[in-house]
Amino acid sequence: MTTTSSPQDQKETLKDTPLSKLPFIRTRAILLWERCYAVFVPMLAIVITFLGLSLMGIWQLLPWWAHWLGLLTTFLALVTYVHWRPGSLSWPHREEIFRRLEKDNRLPSGTLLDQDDTPLGQDQNNSLWQLHLDRLQSISSNVQPNPPKASIDQTDPFSLRY
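Novice: So what exactly am I meant to see when it comes to the overall build of the protein chain here?
Specialist: Scanning the protein chain from N- to C-terminus turns up six helices and zero strands. Listing each helix as α and each strand as β along the protein chain from the N terminus yields α-α-α-α-α-α. In the protein chain, 77% of the contacts between residues at least 6 apart in sequence involve partners at least 24 apart. Looking at the protein chain as shown, the accessible area adds up to about 11500 Å², and 64% of this sits on carbon and sulfur atoms.

What follows is the structure, given as structure tokens:
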């Protein structure tokens, strides 16, 4: 008696692959960290600049209106950055995670995402299709993400961070 596997059974077997375990979770965390870093570092730089001026005692040397002007400038800089910030804090999608893993491990494009494909008009148990899935599984069995790239080049076009 032969059993046929449905597309849901195929998806269930893909959930047991190493992709859904630690490398997948680590890559999602790395992508989220890079997005948070790019968004929050410029805001932190504005606050640190104000705190640095405060710790040096600049405000005691200036008249009261200059102190309020400094507070207002810092507040407006933060509000302006939040309104016009170049990055967004979106949750990394599955395709982005797969693309990042493929790029980090120098795999051909689509190697990881192709494991979710189904053959068009053919049986899932086709030996050629199973060979293709086994080959993709063997290629992608040892994927590991690279460390995060803490870069704010895109959010700092004038290189004010240096």
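Past the structure itself, the notes keep going.
Novice: Hey, could you run me through unusual backbone geometry in this one?
Specialist: Leave glycine aside and you will find that most residues have negative phi; peptide bonds, for their part, are mostly trans. Of note in the backbone geometry, R106 takes a positive phi value of approximately 55° without being a glycine. Tracing the sequence through the fold places R106 in the loop between α5 (94-104) and α6 (127-139).

Novice: Is there a simple way to explain the packing of aromatic side chains in this structure?
Specialist: Taken as a whole, this structure holds three aromatic pairs when the rule is applied. Pairing F24 with F98 gives two aromatic rings, centres 5.7 Å apart and planes at 55°, and the pair type is tilted. Here F24, found in helix α2 (residues 22-55), pairs with F98, found in helix α5; they are 74 residues apart in sequence, far enough to count as distant. Residue class for F24 comes out buried when judged on its relative accessible area of 12%.

Novice: In this structure, what is going on with α5? I would like to understand it.
Specialist: Turn by turn, an α-helix covers 3.6 residues, leaving residues three or four places apart pointing in a common direction. For α5, the set of buried residues is I97, F98, R100, L101, E102 and D104. The inward-facing, buried residues of α5 contact α2. At the exit of α5 stands R106, carrying a positive phi of roughly 55°.

Novice: Explain the side chain of R35 here, please?
Specialist: Residue placement: R35 occurs in helix α2. In this structure the side chain of R35 is engaged in a polar contact, spanning 2.7 Å, whose partner is the backbone oxygen of S90.

Novice: It is not clear to me how the pattern of salt bridges should be interpreted in this structure. Could you clarify?
Specialist: Oppositely charged side chains may form a pair once their charged atoms are brought near each other. Inspection of every chain in the model, using the stated rule, returns three salt bridges. Residue D104 pairs with R100 through a salt bridge whose shortest N-O separation is 3.2 Å. You can see D104 and its partner R100 sitting in helix α5, four residues apart, about one turn around the helix. Assigned by exposure class, D104 and R100 land together as buried. Each of the salt bridges in this network shares a partner with another, and the network as a whole consists of E34, R100 and D104.

Reading the values: the criteria
- Residues numbered from 1 in each chain as written.
- Predicted model: local features only at pLDDT ≥ 70, side-chain atom pairs only at ≥ 80, totals over all residues.
- Heavy atoms only, no water.
- Helix = DSSP H or I, 4+ residues; strand = E, 2+ residues; numbered from the N terminus.
- Contact = heavy atoms within 4.5 Å.
- Areas by Shrake-Rupley, 256 points an atom, 1.4 Å probe, with all protein chains shown as cover.
- Phe/Tyr/Trp six-rings, centres within 6.5 Å; stacked < 30°, edge-to-face > 60°.
- Buried < 20%, exposed > 50% of the residue type's maximum accessible area, 1.4 Å probe, protein only.
- Polar contact = N/O pair within 3.5 Å; in protein donor to acceptor, adjacent residues only side chain to side chain.
- Salt bridge = Lys/Arg side-chain N within 4 Å of Asp/Glu carboxyl O.

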